[in-house]
Amino acid sequence: MDPTGFLDLAAPVLGSGLRLAVPLLFACLAGLWSERSGVVDIGLEGKMLAAAFASGAAAAQFHSPWAGLLAGILVSIGFALIHGFASITQRGNQIVSGVAINFLAAGLTVLLGQVWYGQGGRTPQLEASERFLGIDLDLGIGRALGESHGLGRVWSEVIAGHNLLVYLSLAAVPATWWILWRTRFGLRLRAVGDNPHAVDTAGVSVAGLRYRAVIVCGALCGCAGTYLAVAQSAGFVRDMTAGKGFIALAALVFAKWKPFNALGACLLFGLLDAMAIRLQGTPLPGIGTVPVQVFQALPYALTVILLAGFIGRSIPPKASGIPYTKDR
Amino acid sequence: MSSTSRRELPLVVDYGLIPILNLSVAFLISGLVVLAIGENPLEAVAIMIRGALGYSEGIGFTLYYTTDFVFTGLAVAVAFHAGLFNIGAEGQATLGGLGVALVCLTFDGAPWWLVFPFALAASMAFGAAWAFVPAWAQARRGSHIVITTIMFNYLAATLMVWVLVELMSEPGTMSPESRTFAEATRLPFLRDFLTPWGIDLGQSPLNPMVFVAILAAIFVWVLVWRTRLGFQIRTVGKNPIAAVYAGIDPGHVVIVAMLISGALSGLLAVNEVMGTQHRLLLEFVAGAGFVGIAVALMGRSHPFGVVLASLLFGILYQGGAELAFEKPKISRDMIVVIQALVILFAGALEHMFRPGLVKLLDRPRAVAARGGA
């Protein structure tokens with residue numbers, strides 16, 4: 001196959017892989033913030049779902065995607081604070097609290113959606129002006145590379161033309177890295193996830209740092225949910241996260257709690273998803289038809305294998321999941 | 001836990017007052033949600049109780065749901081005793097269903113009492129097998145059981161789609177489900193036995209698995225508090241390091257406890273696949289694995305508590321169905337909200353009222369002591 005033909009074939013899959021990776025990336029970074037500070041969060045799924053509903057409803061109500069984003073972020077932070085209250089202030093079991101958050105979101109979104117709109121839990125269909133749509137970012141480069149084939153296609157389908165939230169998610173990766181690894185606040189935040197006693201001894205509030213991390217986690221989950229309901233689709237539908245929060249959790253484990261690894265893991269999982277869609281029913285040369293389920297199962301299977309230590313070792317922050325007790 | 005909340009409280013307060021207080025708050029907030037929707041919460045409660053307990057068909061459905069929740073609740077509880085959080089009951093029950101369906105399809109047409117023991121064994125074996133890998137990975141490779149069991153839930157769901165679409169679905173049909181079992185092979189409904197006695201269970205799918213659920217609860221009680229293995233499980237759960245000093249291999253105990261947990265989850269499938277649906281369906285577990293978490297938390301991991309909590313959730317599920325029927329504004333998702341609030345208040349926030357209660361109960365004592373001196 002000539003390179004141009006290959007690029008023509010690969011570009012749409014890569015582009016759709018990137019778009020599918022965006023909610024995972026937001027949620028994965030959200031989990032990274034929370035768990036780096038010592039708060040385990042299996043409620044990413046629930047926060048995303050709640051944000052998707054809130055953003056869909058707000059975008060329809062105020063006819064603006066920005067209202068949707070704001071509502072998504074605020075509601076998601078609200079849920080994150082419930083989790084924070086349970087796991088930081090009350091020192092409850094963080095897994096249990098996460099499970100509760102997931103159910104609360106799953107139930108409340110559909111319940112309220114049904115009461116407000118009566119469409120089986122959907123929010124109203126959004127107009128184009130109420131959504132984040134692809135921005136025209138040609139800059140003349142696509143045209144220079146040759147519009148409809150080869151590198152030109154790679155430019156127009158993989159790099160340019162996505163909506164704002166796609167680029168925001170990509171920008172969140174170096175931002176997270178810089179804040180957590182290059183600022184004093186970030187050092188303390190990571191320290192609180194590894195050795196909270198040391199941070200406490202230094203006179204910095206453990207609870208304060210953890211609450212800030214949980215709020216950032218909520219905001220990022222809010223972006224993830226908004227992306228689903230207001231950018232990728234035109235409104236919220238019941239259970240629209242469909243396990244993405246848990247794939248993001250898997251990606252976090254896969255990324256060994258590091259931001260650039262997270263980008264890689266999410267792109268990999270997004271690409272697997274895109275390939276599953278692209279290869280549906282298409283036989284692969286030499287292998288035959290691969291069931292879609294193989295691609296769907298791979299992120300989970302890979303994570304289990306990684307966690308069992310067969311491909312490298314993935315070790316969470318030392319104090320994550322352990323409530324901090326001051327009196328010792 | 002702060003020093004005040006660790007203070008001793010009378011057992012009645014610890015095992016009676018605090019759980020009831022936590023539950024009351026969960027239900028109070030649920031009531032506020034109903035109020036916000038624009039319905040009367042008291043009326044809703046009345047409809048639910050009438051729907052779940054007011055007539056014999058409703059009771060039949062309530063006990064049928066209860067049966068499911070007892071199995072998953074016990075499964076989560078056994079794992080809790082070993083200090084493990086088994087979020088994988090959903091996936092383990094799904095695999096149990098595969099086992100039951102394989103047995104029933106192989107012996108299709110044979111009388112049910114002949115197939116029943118094999119179906120029980122297959123459900124437990126498949127459920128346990130699905131719990132084994134996460135258990136082994138936790139015990140021997142140090143990976144975290146919560147993450148692995150979550151992954152195994154999704155793996156189970158994907159596997160199930162593949163099996164039902166590619167292997168088990170009937171040729172010519174598009175629906176992802178297996179062939180329906182012959183009438184003789186299905187578990188009999190209790191309603192068929194009770195009608196001659198004047199008890200009309202209506203269409204409720206209550207079947208002999210309800211008795212198996214009670215036996216399972218008794219089994220778990222004996223296991224946890226009356227056997228050497230139960231002692232080892234509790235020791236590992238409380239303090240794995242102490243367990244090592246006592247000559248117990250925590251890894252071994254973790255694996256065995258998870259196998260038992262998976263087997264208990266698997267049993268749910270006999271109730272659903274052989275007793276109710278009579279065929280293998282996608283997502284037949286329908287979240288019961290997660291209800292098990294709520295039930296185990298509410299029942300404080302004690303089999304008796306688990307049975308009581310399962311009954312409460314059985315009432316919620318059956319009553320919720322009736323409520324959704326009579327008040328379309330309160331859809332069945334309300335039950336999911338109540339479930340979430342129960343998990344939140346009985347689980348994650350279980351110690352919220354402790355410091356307050358300690359203060360409240362200490363004051364009269366302190367006053368009395370001062371008065372006496």
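Residues numbered from 1 in each chain as written. Chains lettered and ligands numbered in written order. Predicted model: local features only at pLDDT ≥ 70, side-chain atom pairs only at ≥ 80, totals over all residues.

## Observations concerning the overall build of chain B
So, step 1. Counting its secondary structure elements, chain B contains 16 helices and 0 strands.
So, step 2. Expected size for 373 residues packed as a compact globule is a radius of gyration near 21 Å; at 22 Å, chain B falls within 12% of this value.
So, step 3. Considered along the principal axes of its C-alpha atoms, chain B spans approximately 85 × 55 × 40 Å.
So, step 4. For chain B, the proportion of its 373 residues judged to be buried stands at 53%.
So, step 5. For chain B, the proportion of contacts with a sequence separation of at least 24, taken over those separated by at least 6, is 76%. (Helix = DSSP H or I, 4+ residues; strand = E, 2+ residues; numbered from the N terminus. Rg over C-alpha atoms; globule rule 2.2 N^0.38 Å. Buried ≥ 20, exposed ≤ 12 C-beta atoms within 10 Å, placed from the backbone. Contact = placed C-beta atoms within 7 Å.)

## Re the overall build of chain A
So, step 1. Helix and strand counts for chain A stand at 13 helices and 2 strands.
So, step 2. For 328 residues, the compact-globule estimate of 2.2 N^0.38 gives 20 Å, and chain A sits close to it at 21 Å.
So, step 3. Its C-alpha atoms put chain A at 70 × 50 × 40 Å along the principal axes.

## Some details on the interface of chain A and chain B
So, step 1. Listed per partner, the contact involves 38 residues of chain A and 39 residues of chain B.
So, step 2. Contributions of two or more residues to the side of chain A that touches chain B are made by α4 (94-117), α11 (244-254) and α13 (292-307) of chain A.
So, step 3. Counting residues per element, the side of chain A that touches chain B draws most heavily on α4 of chain A, at 14 residues.

## Some remarks on the nonpolar core
So, step 1. Membership of the largest hydrophobic core comes to 237 residues, with the highest contact counts inside it found for Phe26, Cys28, Leu220, Ala251 and Ala262 of chain A together with Ile343 of chain B.
So, step 2. Sequence-distant contacts of Ala251 of chain A, that is, excluding residues within four places in its chain, are made with Leu24, Cys28, Ala262, Ala265, Cys266 and Phe269 of chain A. (Core = buried A, V, L, I, M, F, W, Y, C linked by C-beta atoms within 7 Å.)

## A look at helix α15 (residues 333-348) of chain B
So, step 1. Between the first and last C-alpha of α15 of chain B there are 21 Å, a value that for 16 residues agrees with the 22 Å anticipated at 1.5 Å per step.
So, step 2. Of all 16 residues in α15 of chain B, 16 are buried, a share of seventy percent or more. (Expected span 1.5 Å × (residues − 1).)

## Re unusual backbone geometry
Residues and elements named next belong to chain A.
So, step 1. Even without glycine at this site, Arg91 takes up a positive phi of about 50°.
So, step 2. Considering the arrangement of structural elements, one finds Arg91 in the loop between α3 (65-89) and α4.
So, step 3. A positive phi angle, close to 60°, is found at Trp257, a residue other than glycine.

## Looking at helix α2 (residues 44-62) of chain A
So, step 1. Taking 1.5 Å of rise per residue, the 19 residues of α2 of chain A would be expected to cover 27 Å, and the 26 Å separating its terminal C-alpha atoms lies within 8% of that figure.
So, step 2. The buried count for α2 of chain A comes to 17 of 19 residues, which makes it a mostly enclosed element.

## Brief notes about the packing of helix α7 (residues 164-182) of chain A against helix α8 (residues 184-194) of chain A
Helix packing for two helices is described by the angle between their axes and how far apart those axes are.
All names here are of chain A.
So, step 1. Where α7 contacts α8, the axes come no closer than 5 Å and their chain directions differ by 80°. One element, α7, and the other, α8, form an angle in the roughly perpendicular class. Seen from α7, the contacting residues are Ile179, Leu180, Trp181 and Arg182; seen from α8, they are Phe185, Gly186, Leu189 and Arg190.
So, step 2. Looking at the contact of α7 with α8, its residues break down into 5 nonpolar, 1 polar and 2 charged. (Axes fitted to C-alpha atoms, helices over the stretch in contact; angles between N-to-C directions. Parallel < 35°, antiparallel > 145°, perpendicular 65-115°, else oblique. Nonpolar A, V, L, I, M, F, W, Y, C, P; charged D, E, K, R; others polar.)

## Digging into the environment of Thr201 of chain A
So, step 1. Inspection of the secondary structure assignment puts Thr201 of chain A in helix α9 (residues 196-201).
So, step 2. Taking C-alpha positions, Thr201 of chain A is 9.8 Å from Lys326 of chain A, a pair spaced 125 residues apart along the chain.

## Overview of the environment of Gly309 of chain A
So, step 1. As for its position among the elements, Gly309 of chain A is in the segment after α13.
So, step 2. By C-beta crowding, Gly309 of chain A is classed as partly exposed, having 15 other C-beta atoms within 10 Å.
So, step 3. Ignoring any residue separated from it by four or fewer positions in sequence, one finds Gly309 of chain A in contact with Arg141 and Gly142 of chain B.

## Re the packing of α13 of chain A against helix α7 (residues 145-168) of chain B
So, step 1. Running from N to C, α13 of chain A and α7 of chain B cross one another at 155°; their axes reach a closest spacing of 9 Å. In terms of their interaxial angle, α13 of chain A and α7 of chain B are classed as roughly antiparallel. At the point where α13 of chain A passes α7 of chain B, the crossing takes the left-handed sense. Counted together, Gln293, Gln296, Ala297, Tyr300, Ala301, Thr303, Val304 and Leu307 of chain A of α13 of chain A and Ile147, Thr148, Met151, Tyr154, Leu155, Thr158, Val161 and Trp162 of chain B of α7 of chain B form the full contact between these two elements.
So, step 2. Taken together, the residues of the contact of α13 of chain A with α7 of chain B sort by class into 11 nonpolar, 5 polar and no charged. (Left-handed = near helix turned anticlockwise from the far one by under 90°.)

## Quick notes on the confidence of the model for chain B
One rule of thumb: low pLDDT means the predicted coordinates there are not for detailed reading.
All names here are of chain B.
So, step 1. Per-chain confidence: chain B averages 89 in pLDDT, with 96% of residues scoring 70 or above.
So, step 2. Throughout residues 1-5 the model reports pLDDT below 50, and contacts reaching past four residues in sequence, or to other chains, amount to 13 contacts.
So, step 3. Confidence metrics for the complex model read pTM 0.89 and ipTM 0.88. (pLDDT = per-residue confidence, 0-100.)

## Comments concerning the environment of Val13 of chain B
Residues and elements named next belong to chain B.
So, step 1. By the element assignment, Val13 lies in helix α2 (residues 11-37).
So, step 2. The sequence separation of Val13 and Leu357 amounts to 344 residues, and the corresponding C-alpha distance is 8.7 Å.
So, step 3. Setting aside chain neighbours within four positions, we find Val13 in contact with Ile18 and Leu357.

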